[in-house]
Amino acid sequence: MGSLLVYVESSEGQFTTGSLGVAAKAAALAGELSTSVTAVVVGPGASERAATLGSHGVGRVLAVDGARGDEPSATEVADAVVAAVRAESPLLVMANASVLGAEVAGLVAGRLGLGIATDAVDASISDGSVIVTKPAFDDSVWVECGWAGEGETAGVALFRAGSFSADPVNGATAEVVGIEPEGSERHVEFLGRAESTDEGVDITQADVLVGAGRGLGGPDQFGVVESLAQALGGAVATTRAVVDAGWYDYSTQVGQTGKTVAPKLYIAAGISGAIQHKIGMQSSGTIVAINKDANAPIFEYADFGVVGDLFEVLPKLEQAIRESS
Amino acid sequence: MKIAVCVKEVPDAGASRRHDPAADHRLVRDGDPALNPFDAHAIEAALQHAEGADGVTVTAVCMGPASAQRSVQKALALGADDAVLISDDALAGSDVLGTARVLAAAIERGGYDLVLMGQQSADGECWVLPGVVAALLGWPVLTQAASLSIEDGSVRIDRQAEAGYEKVGASLPAIVSVSDAINEPRYPSLKAIMGAKRKPLEQLDLAALDLPAGSVGQDGARSIVRSVGDPPPQPGGTVIEDDGSAADRIVEFLRERNLV
Ligand SMILES: Cc1cc2nc3c(=O)[nH]c(=O)nc-3n(C[C@H](O)[C@H](O)[C@H](O)COP(=O)(O)OP(=O)(O)OC[C@H]3O[C@@H](n4cnc5c(N)ncnc54)[C@H](O)[C@@H]3O)c2cc1C
Ligand SMILES: Nc1ncnc2c1ncn2[C@@H]1O[C@H](COP(=O)(O)O)[C@@H](O)[C@H]1O
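Below: a short report on this structure. Here the structure is a predicted model, which means the values were calculated and not measured. (Residues numbered from 1 in each chain as written. Chains lettered and ligands numbered in written order. Predicted model: local features only at pLDDT ≥ 70, side-chain atom pairs only at ≥ 80, totals over all residues. Heavy atoms only, no water.)

Now for the overall build of chain A. On a plain count of helices and strands, chain A comes out with nine helices and 18 strands. Here the C-alpha atoms of chain A give a radius of gyration of 22 Å, agreeing with the 20 Å that 2.2 N^0.38 yields for 325 residues. With the principal axes as the frame, chain A shows a C-alpha extent of 70 × 45 × 40 Å. For chain A, restricting intrachain contacts to residue pairs at least 6 apart in sequence, the fraction spanning at least 24 positions comes to 65%. Accessible area for chain A stands at about 11,800 Å²; split by element, carbon and sulfur atoms hold 45% of it. For chain A, the separation between the mean place of its 18 positive charges and that of its 41 negative charges on side chains is 2 Å. (Helix = DSSP H or I, 4+ residues; strand = E, 2+ residues; numbered from the N terminus. Rg over C-alpha atoms; globule rule 2.2 N^0.38 Å. Contact = heavy atoms within 4.5 Å. Areas by Shrake-Rupley, 256 points an atom, 1.4 Å probe, with all protein chains shown as cover. Lys, Arg positive; Asp, Glu negative; His and termini not counted. Charge placed at Lys NZ, Arg CZ, Asp CG, Glu CD.)

All names here are of chain B. Take L129: it is sitting in helix α4 (residues 129–137). A sequence separation of 10 residues divides L129 from Q119, and the C-alpha atoms of the two residues are 9.3 Å apart. Apart from residues no more than four positions distant in its own chain, L129 is found in contact with V96, T99, A100, L103 and M117.

With that settled, consider the site of ligand 1. Surrounding ligand 1, one finds 29 residues, the nearest of these being R214, T239, S272, Q276 and N291 of chain A. Each of chains A and B places residues near ligand 1. T257 of chain A places a main-chain nitrogen or oxygen 2.7 Å from an oxygen atom of ligand 1. At 2.9 Å, a backbone N or O of L310 of chain A approaches a nitrogen atom of ligand 1. Summarising the interface, the protein chains cover 88% of the accessible area of ligand 1, which totals 990 Å² for the free molecule. Elements with a minimum of two residues in the shell around ligand 1: α6 (240–244), α7 (275–281) and α9 (310–324) of chain A. Across the shell around ligand 1, the residue classes tally to eight nonpolar, 16 polar and five charged. (Near = heavy atom within 4 Å. Polar contact = N/O pair within 3.5 Å; in protein donor to acceptor, adjacent residues only side chain to side chain. Nonpolar A, V, L, I, M, F, W, Y, C, P; charged D, E, K, R; others polar.)

Moving on, we come to the pairing of strand β10 (residues 141–147) of chain A. Both faces of the sheet carry side chains from a regular strand, because those side chains alternate between them. The buried count for β10 of chain A comes to five of seven residues, which makes it a mostly enclosed element. Counted along the chain from strand β9 (residues 129–136) of chain A to the antiparallel partner β10 of chain A, the turn is four residues long, and its residue F137 of chain A has a positive phi close to 50 degrees. Bridging between β10 of chain A and strand β15 (residues 223–229) of chain B involves six bridges; their strand directions are antiparallel. Paired with W142 of chain A across the strands is G229 of chain B, a residue of β15 of chain B. (Buried < 20%, exposed > 50% of the residue type's maximum accessible area, 1.4 Å probe, protein only. Pairing = 2+ DSSP bridges.)

For the rest of this paragraph, the subject is the nonpolar core. Core analysis: the biggest nonpolar cluster contains 63 residues, and V81 of chain A together with I86, V115, V133 and I175 of chain B have the highest contact counts within it. Sequence-distant contacts of I175 of chain B, defined by excluding residues within four places in its chain, comprise V115, M117, P130, V133, A134, L137, W139, P140, V141 and L142 of chain B. A75, L78, V168 and V176 of chain B belong to the second-largest nonpolar core, a separate cluster that totals 41 residues. (Core = buried A, V, L, I, M, F, W, Y, C linked by side-chain atoms within 4.5 Å.)

What follows is the structure in structure tokens.
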């Protein structure tokens, strides 16, 4: 029986927790199927740290050490994964939905003509095959997906970041072998990183955060959240949409590509509550949300939600809080 | 330079939704379908480039039922020069791979230098279509652009990844998806809406794309929905409609939890 193939991603010289979580999940599934987990790792130094993947349940690692830039690009990783699929005929290809992971999953599915299930949050065995569970239609239903492949490899599964714990399961060591990637003719070039703009308040230390999303409407409108944060002795946090638009500093961003926070109180204002935001703030003690849209996903996990206009609610809230203290 | 923008028609986000187990678990939504809001940002990015350069054309490319023509018209009203709508009964039930095959074939046929997409479709929310299409064409893919620059036969983007902002680039032709924070899409004027009706809209069926039967639609689908059920119960907070007293209700709630 084929193995389960996992792309274990490296970022700045370390394996990412999201992809280690997928490896751990694969190991649990492999146990049930009496097969094994093979990982693909790519990038500078990847083969040197690859043996440690044994402690996450990986039996074998196929490693590509070089990268054209400082970091491997999606095309290079896809070249490695495609070569691994051809060599191993795995049952399934699994990856974590990071920015790079999603590109790789798409490229691999396209090159090999495989079905792809995205946004999965769990996987299980049904009639001897792996199936995945994914929320759909704004999380209003949960769907079970499988694949109808022709070859031995059923398809590609891409998991929501943060779906699985990445804790090591034992102290085992994985076998590491090199692999010759299949060459793409056209590549993505990694051109570098922007300077970090970390400045001001450390939001991870605040007891109270007022989260501001795109519902604020523009960079000049942040007065309402700043003064509420001040009244509560807290700080302002933001979403990727707000930061990418240049409305607020990146150091305040919460979520998958921002910070992970766990304040006693998180007040989300004008935030839709996308999963990539949620995974950065779901451990908050209490979550309050104000959003105009009653269907916004944030209401699924807020302890107290208000369907309303933040510009109506927040000033009154600030006043009530100042009066009560 | 020819830019294609892939646009999808999606159910109105504000409308109530149910899934229909009797109809293959298809999503049923009340309200009118509309242009995927994420794709308006891709159109805007294409238009901004076209307005600052000579000889750039922008084509909206859509796969969808004939009724998706309305969303394609919206793309034209926003400023696309022309549009291609691929519609065929045989395309119903296409999965990501099937959709990508159709779009890749339409892109090849049109001979574009750059293809822009939205970061996600509001209903499918796969985020992966750009990669699959790129693979089928053998082109590089750059996703989630928070900023985009096109020059000298190449494209560069800034985007947020797990380790902060990074810069990636590729030579053209390439596929780029844009983050919904890259720009503020314009509103079409009434004149533009009327003018859109006179812009070229080419309708293609499957035969025009020369794709093998069975590679798309329900028959070509390689990812299969096996069952649809209710989400696991949420820990269940209180949600109220603001009637003017919401601020007081929040304070009351925070007081119960000793947070104020
Ligand atoms: C790989 C990847 C990583 C990502 N990482 C992150 C991350 O780290 N952090 C993050 O936040 N996102 C991240 N995202 C993006 C994420 O998917 C969402 O796009 C983003 O969180 C949306 O931000 P938002 O809620 O501010 O904007 P929107 O989704 O646009 O929501 C704005 C909300 O404001 C509401 N609103 C508008 N006006 C008002 C008003 N007057 N009063 C009340 N409500 C109003 C609207 O109803 C809407 O729900 C990532 C995406 C990907 C693919
Ligand atoms: N049927 C379609 N026709 C044209 N473009 C599409 C279609 N489906 C998806 N797209 C494009 O692919 C992007 C990502 O979609 P998705 O992978 O479904 O989240 C969208 O923003 C569109 O630009």
